[in-house]
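# What the coordinates show
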Amino acid sequence: MPLKSPTEEKYLGIFSIIFWTLTLIGVVKYCSIALKADDQGEGGTFALYSLLWRKINPGTLSSELASSNSNFPENTERKSRLPKVIQRSIVARSALLFVACLGMCMLIGDGILTPAISVLSAMNGVKARFDFVSESLVEALSAVVLVILFLLQKYGTSRVSFMFSPIMAAWTLSTPIVGIYSIVRHYPSIFKALSPHYIFLFFSRNGKEGWLLLGGTILSITGSEAMFADLGHFNKSSIQMAFLFMIYPSLVFTYAGQTAYLIKNPDDFKDGFYKFIPNGVYWPIFIIATLATIVASQSVISATFSVIKQSVVLDCFPRVKVVHTSPSNEGEVYSPEVNYILMILCVAVIHIFGEGNIANAFGVVVSLAMPITTILLTLVMVISWRTSPLLVALFFSVFFTMESVYVSAVCTKIPEGGWIPLAITLILAFIMFGWCYGRQRKMEYELTHRIDLTTLGRLLSDPSVQRVPGLCFFYTNIQDGFTPVLGHYITNMRSLHKVTIFTTLRYLLVPKVDPDERIIVNKLGLEGVYQCRIQYGYADSLNLEGDDLVSQVIRSLQAHVENGLGCSPPEIPELEESLQADAENGLGCSPSDISEVPEPDEILQADVENSSGCLPSEISELEEAKKAGVVHIRGKTRFYITKKCSRFDRFMLAFYEVLHGISRSALPTLGVPLPQRIEVGMLYEA
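Residues numbered from 1 in each chain as written. Predicted model: local features only at pLDDT ≥ 70, side-chain atom pairs only at ≥ 80, totals over all residues. Heavy atoms only, no water.

## Thoughts on the overall build of the chain
Helix and strand counts for the chain come out as 23 helices and 8 strands. Considering only contacts within the chain whose residues lie at least 6 apart along the sequence, 84% involve residues at least 24 apart. Looking at the chain as shown, the accessible area adds up to about 28,900 Å², and 62% of this sits on carbon and sulfur atoms. (Helix = DSSP H or I, 4+ residues; strand = E, 2+ residues; numbered from the N terminus. Contact = heavy atoms within 4.5 Å. Areas by Shrake-Rupley, 256 points an atom, 1.4 Å probe, with all protein chains shown as cover.)

Structure below.
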């Protein structure tokens, strides 16, 4: 933090600013309020967005589930008109999504910059001790540490955190002890700076210089946003206890100790941390501090995995592989593609920009992410918690004003490296917008051209359409109907298998689905046509052998035929209902990974009417179809961009097709043998 003519009053004012920033933003805003605004145990801006959207569209989620999403007391007597305003306005809905996406992009940028600046700053301790150590050597050592850290991510947050926990304990105990020693030795009355009087004195005497120095003090709360986003990886109570009783006191004593040292040694501000450490414990503290920066980097990396997973589930980001590394914690995830991209970018940032530019860039990311969270938290208070307007106004005015002042100071660093996170954010936002736009256009086409049961019956009644021997699993993700690929297939192939099972995979927000409830089957009102829903939780494995899957479905169908009754799905909290409403309301996000089998009223009615007439011959027909051969059909759709499209549509849909081509399949692997897989291509006319 560059200072012109450093004095005792300046240092006391800076410490007072750091203390109250940690207290208000770290303790009050994030630890006491934000952590209560979880969505199914998940944190971050997208969790706030999801929580808000459930309240804005109350019909998309049961009241029991909606109320369980929040751990903050809700005032049921006070109703707000704001949800109806947002629901009716496409501009308001789009603005809400834009703010959530912007916050997510900022956090991903944080995931690139935090490991880089943290490890690089720690490694500079070697350079501070030995003058002959060059900057390039420090960067090379930092790159090696980062590569090792990212390679450990595949083992999961729990294992990595367990390995790092002794390091964190050593850091939270050792640095405040050094801080207390420095206070006693250099300036015992340092805690008089806790009075806000020193803040007013600092700004009144330093003016513009004091305002610019806020760009450095904001780095004291760099981990607050990641702490909120990490909610899915850790227990809420454990985060609060660790921050309030370990991290917060440790930071206060450490900053107080540094300030006490700098008051007696005012010209050492360029490297105040390592210089205030006594010579006798320098190397132990250096090792602990270096390892602690790795732990800090780990928390941001985990938070990045969480927000990527949330955005993929909401279909607002290209599909990447998401691995659940814990059998009991749904929020603990790991993404190989994201992990290695972050690793490459972190190393590149270190070698290209160096410590000075990264520090400026880092401040921009943190300062811009905080007011976004404040805006979304304010909306949660109004819409979800129905908090008193006076308390809402107090919360918003205090934190938004405070964070806006920080943003104004940090923006002066944009030409000096602050443009880096802005560039990252713009690139990520463009990717998300392109994906959302393409998914929305595709969903609109599918909803317009969907095949209902009556249309399917008319297609099959055509004399030219043959029912060929065999068993077909036709995968679909359209609600209230069938995918247009079905009509395309029947019209061109002029055939359909004698036994066709329209299969949908449904992701449920539970660890494991009971085996009796995993496969839900129903007979539709057409001969040899069934519906099947395969339900799975985040800890369930879907890597079944193809024959095993077929056998399970056949057994479920046989039981259904023998009982002569339809099966109904269990009442388990589901996310896809609200996501489907998003698509129908033009919000731009639609569920793809989470889909639902078509259940129109006429299908269920036909099922009831025909269930009593099921013949024993159906069982033998199922066995014969299985012996004749099994195929698994999936649709593979692309946009056909006509000359009628505007230039904007041509560019955005072409960009979407690029993203779609490199993203993961919407359907998880089921271990189906390659000879049994068929992909039916179809062009959607844009």
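Now that the structure is up, let's keep going.
## Brief notes about the packing of helix 8 (residues 197-217) against helix 14 (residues 389-410)
At a minimum axis distance of 8 Å, the contact between helix 8 and helix 14 shows a crossing angle of 100°. The orientation of helix 8 relative to helix 14 falls into the category roughly perpendicular. Within the contact between the two elements, helix 8 uses Trp211, Leu214, Gly215 and Thr217 and helix 14 uses Val405, Tyr406, Ser408, Ala409 and Val410. (Axes fitted to C-alpha atoms, helices over the stretch in contact; angles between N-to-C directions. Parallel < 35°, antiparallel > 145°, perpendicular 65-115°, else oblique.)

## Looking at empty space enclosed by the protein
All told, the structure shown has 3 cavities of 30 Å³ or more when counted by the stated rule. Considering only enclosed or pocket space, the second largest cavity measures out at about 50 Å³ in volume. The set of elements that each furnish at least two residues to the lining of the second largest cavity consists of helix 5 (90-129), helix 9 (224-229) and helix 13 (336-385). Among the elements that line the lining of the second largest cavity, the one with the most residues is helix 13, at 4 residues. Its residues assigned to classes, the lining of the second largest cavity shows 8 nonpolar, 1 polar and 2 charged. (1 Å grid on protein atoms, 1.4 Å probe; cavity = no way out; pocket = protein on both sides within 12 Å on 5 of 7 lines; lining within 4 Å. Points joined across faces, edges and corners; volume = space filled by probe spheres on them. Nonpolar A, V, L, I, M, F, W, Y, C, P; charged D, E, K, R; others polar.)

## Here we look at the sheet that holds strand 6 (residues 529-536)
In spatial order, the strands read 5-6-4-3-7-8; together these 6 strands make up an open sheet with mixed pairing. Each edge of the sheet is formed by a strand with only one pairing partner; in this case those strands are strand 5 (519-523) and strand 8 (677-685). Each strand axis lies, on average, 25° off the axis of its neighbour in the sheet, ignoring direction. Here 5 bridges tie strand 5 to strand 6, and the two strands are oriented antiparallel to one another. Across the sheet, the residue bridging to Lys523 is Tyr530, located in strand 6. Across the sheet, helix 15 (residues 419-448) is in contact with strand 7 (630-640) and strand 8; its angle to strand 8 comes to roughly 95°. (Pairing = 2+ DSSP bridges.)

## A closer look at the pairing of strand 7
Examined bridge by bridge, strand 3 (residues 466-475) and strand 7 share 4 bridges and lie parallel to one another. Bridged to Phe473 within strand 7 is His632. Sheet topology places strand 7 next to strand 8; 9 bridges connect them, and they run parallel. From the neighbouring strand, Lys636 faces strand 8, where its bridge partner is Gly681.

## A closer look at the pattern of salt bridges
Evaluation of the coordinates by the stated rule reveals 10 salt bridges. Salt-bridge contacts for Asp462 lead to Arg494; the nearest nitrogen and oxygen are separated by 2.9 Å. Placement of Asp462 in the loop between helix 16 (453-460) and strand 3 and of Arg494 in the loop between helix 17 (484-493) and strand 4 (495-507) is noted, with a sequence separation of 32 residues between them. On the accessibility criterion, Arg494 (29% relative accessible area) is partly exposed. Glu657 serves as the salt-bridge partner of Arg638, at 3.6 Å between the closest nitrogen and oxygen. Here Arg638, found in strand 7, pairs with Glu657, found in helix 23 (residues 647-662); they are 19 residues apart in sequence, far enough to count as distant. Its relative accessible area of 13% is what places Glu657 among the buried residues. (Salt bridge = Lys/Arg side-chain N within 4 Å of Asp/Glu carboxyl O. Buried < 20%, exposed > 50% of the residue type's maximum accessible area, 1.4 Å probe, protein only.)

## Details of helix 8
Between its first and last C-alpha, helix 8 extends only 17 Å over 21 residues, short of the 30 Å set by a 1.5 Å rise per residue. Where helix 8 bends most, the angle comes to about 120°, and this point is Gly207. Restricting attention to buried positions, one finds in helix 8 the residues Tyr198, Ile199, Leu201, Phe202, Asn206, Gly210, Leu213, Leu214, Gly215 and Thr217. Considering only its buried residues, helix 8 is in contact with helix 1 (8-33) and helix 14. (Expected span 1.5 Å × (residues − 1). Bend = angle between axes of the 7 residues up to and from the residue.)

## What to know about the environment of Gly43
Tracing the chain through its elements places Gly43 in the loop between helix 1 and helix 2 (45-56). The class for Gly43 is buried, based on a relative accessible area of 0%. Sequence separation of Gly43 and Gln310 is 267 residues, and the distance between their C-alpha atoms is 9.4 Å. Residues in contact with Gly43, not counting those within four places in the same chain, are Phe228, Ala229, Leu231, Gly232 and Gln310.

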